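One letter stands for each residue in the lines below.
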Amino acid sequence: MAVVHEREPVTEILRAMAVDADVCGELVRAARAHSPEVARLTEAETRSHVLAMIRAAGAWFSTFDRVEEQDFTTALLLGADRAGQGVPVTAVLRGVQAALTRAVEISVDRCRTSGVPDGALLPVILRLKEYGDAIERHVINGYHAAERGPAHETDGLRGRLLRQVLIDGVIPRAEELAGAGVRAEDGHGPHHCLVAEATGPGHAQRLMRRLSALHGVSGLVEGRVVGLCPRLPQGGDLGIPDLVVASPAAPLDQLRPLYRLCVRAVDLGAAAGRHGWYELTDFAAEIAVADQPLLGSYLSGRLLGGLDTSDAFHRQLALTALTFLDTGRRLDQTAATLFTHPNTIRYRLGRFQQITGTSLTDTRPDSRGGPLDTLHWWWALTTWLSRE
């Protein structure tokens, strides 16, 4: 169906949208908001695909050629890239559909603002839907084409093997492991699961090379660098500053839950700005605390009910108390961490005691200061400070 009377204004609107950075940003945010798996990838990756597709849409709408005659290479590459990164096809389509829906909304808004009558908007919407449907078909085709890649393509084989073990719970045969680069003597023995938050494509490739050198298998799963290794590097150092979390060694059929815990640890570590090598158990308390938000809320309400989250001084007191616990209740280290004088720390902790009724500095034998009490205060403070 062609737009006749309002063709020129609509064409100019779509051309303008195709080169508008704000529009591209809106579509990227929509895709990432509706697909957590896509949001784990770098924003630059999503932006490059979105930008290419909306520019192609602007060019297509101006010619009104049949949709089948258009070049959908970008959509094919998007599907293939996400398959190689281990993003489920359903998650890919959620992101694509959200971006397309937002594109239609912006198009209609701009058409109305430009004076295009409502009666002419239906053909515009239908044309955009036709283009969106074609985009989805080519994304799916590109995704499945990448999945059907030849078995001798090592990267694809390794990615599929990792997804089998860590997501599907399917244990590969010995020859499949050997084909992916796992040595015969390591076979089905215990392996460590490693998950990394690589900061870019170059880092991802270097990480995978380092992990493969440990006589294991590595690849991209759900947008992250993942490896299975029979042994860890000496000193836990891969020589790359990205965040890496390693699980304890376990048989292949027990790695699925460990993989999910490693992913959770990487998410928490990345949010906190951490880098370098960690064992999964380093995040044990943080994972347990983060996954019980309701209990943390009740705990902070009981222990910190006298503090007001909207009061900047109260937030300063809570941060000082949390830092005091993080540094092993050392005044000098707390002062150094917060770049202030120890006497200032003493004053803040004193005010904290006046408001909450509890002293964090009391070390008398009859005072409450055991490890569980410390954990409760740390949990309460962390939860309280996370509130706006």
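Residues numbered from 1 in each chain as written. Predicted model: local features only at pLDDT ≥ 70, side-chain atom pairs only at ≥ 80, totals over all residues. Heavy atoms only, no water.

By the naming in an unreviewed UniProt entry, the protein is PucR family transcriptional regulator, taken from Streptomyces botrytidirepellens.

Attention shifts here to the sheet that holds strand 4 (residues 243-246). Strand order in the open sheet formed by 5 strands is 2-3-1-4-5, and the pairing between neighbours is mixed. Edge strands, defined here as strands with exactly one partner in the open sheet, are strand 2 (217-221) and strand 5 (277-279). Neighbour-to-neighbour, the strand axes of this sheet turn through a mean angle of 20 degrees, independent of strand direction. Running over the sheet, helix 11 (residues 255-271) touches strand 1 (192-197), strand 2, strand 3 (224-229) and strand 4 and is turned about 30 degrees from strand 1. (Pairing = 2+ DSSP bridges. Helix = DSSP H or I, 4+ residues; strand = E, 2+ residues; numbered from the N terminus. Axes fitted to C-alpha atoms, helices over the stretch in contact; angles between N-to-C directions. Contact = heavy atoms within 4.5 Å.)

Here we come to unusual backbone geometry. Residues other than glycine seldom take positive phi values, yet Arg-329 does so here, at roughly 60 degrees. By relative accessible area, Arg-329 is classed as partly exposed at 26%. One non-glycine residue, Phe-339, lies in positive phi territory at about 55 degrees. Among the residues examined, Phe-339 registers a relative accessible area of 78% and is labelled exposed. (Buried < 20%, exposed > 50% of the residue type's maximum accessible area, 1.4 Å probe, protein only.)

Our focus in this paragraph is the pattern of salt bridges. For the structure shown, the criterion picks out 9 salt bridges. Between Glu-37 and Arg-94 there is a salt bridge, with the nearest N and O atoms lying 3.1 Å from each other. Pair noted here: Glu-37 is in helix 3 (residues 36-39) and Arg-94 is in helix 6 (residues 89-113), with a separation of 57 residues, a long-range link. (Salt bridge = Lys/Arg side-chain N within 4 Å of Asp/Glu carboxyl O.)

A separate point is helix 2 (residues 21-34). The end-to-end C-alpha distance of helix 2, which contains 14 residues, comes to 20 Å, matching closely the 20 Å that a straight helix rising 1.5 Å per residue would cover. Here helix 2 has its buried residues at Val-23, Cys-24, Gly-25, Leu-27, Val-28, Ala-30, Ala-31 and Arg-32. (Expected span 1.5 Å × (residues − 1).)

All right, on to the pairing of strand 1 then. For strand 1, a buried count of 5 out of 6 residues is recorded, marking the element as mostly surrounded by other parts of the structure. Looking at chain direction, strand 1 and strand 3 are connected through 5 bridges and run antiparallel. The partner of Cys-193 across the bridge, within strand 3, is Leu-228. With 4 bridges joining them, strand 1 and strand 4 adopt antiparallel strand pairing. By the bridge assignment for strand 4, Val-195 is matched with Val-245.

This brings us to the packing of helix 2 against helix 6. Following both chains from N to C, one finds helix 2 and helix 6 inclined at 140 degrees, their axes separated by 7 Å at the closest point. For helix 2 against helix 6, the interelement crossing comes out right-handed. Between helix 2 and helix 6, the contacting residues are Val-23, Glu-26, Leu-27, Ala-30, Ala-31 and His-34 on the first element and Arg-94, Gly-95, Ala-98, Ala-99, Arg-102, Ala-103, Ile-106 and Arg-110 on the second. Here the residues of the contact of helix 2 with helix 6 are counted per class, giving 8 nonpolar, 2 polar and 4 charged. (Left-handed = near helix turned anticlockwise from the far one by under 90°. Nonpolar A, V, L, I, M, F, W, Y, C, P; charged D, E, K, R; others polar.)

Below, the discussion takes up the packing of aromatic side chains. Considering all chains together, one arrives at 2 aromatic pairs under this definition. The interplanar angle of 65 degrees and the centroid separation of 5.8 Å between the aromatic rings of Phe-352 and Trp-377 together place this pair among those described as edge-to-face. Highlighted residues: Phe-352 in helix 16 (residues 342-356) and Trp-377 in helix 17 (residues 371-385), separated in sequence by 25 residues. (Phe/Tyr/Trp six-rings, centres within 6.5 Å; stacked < 30°, edge-to-face > 60°.)

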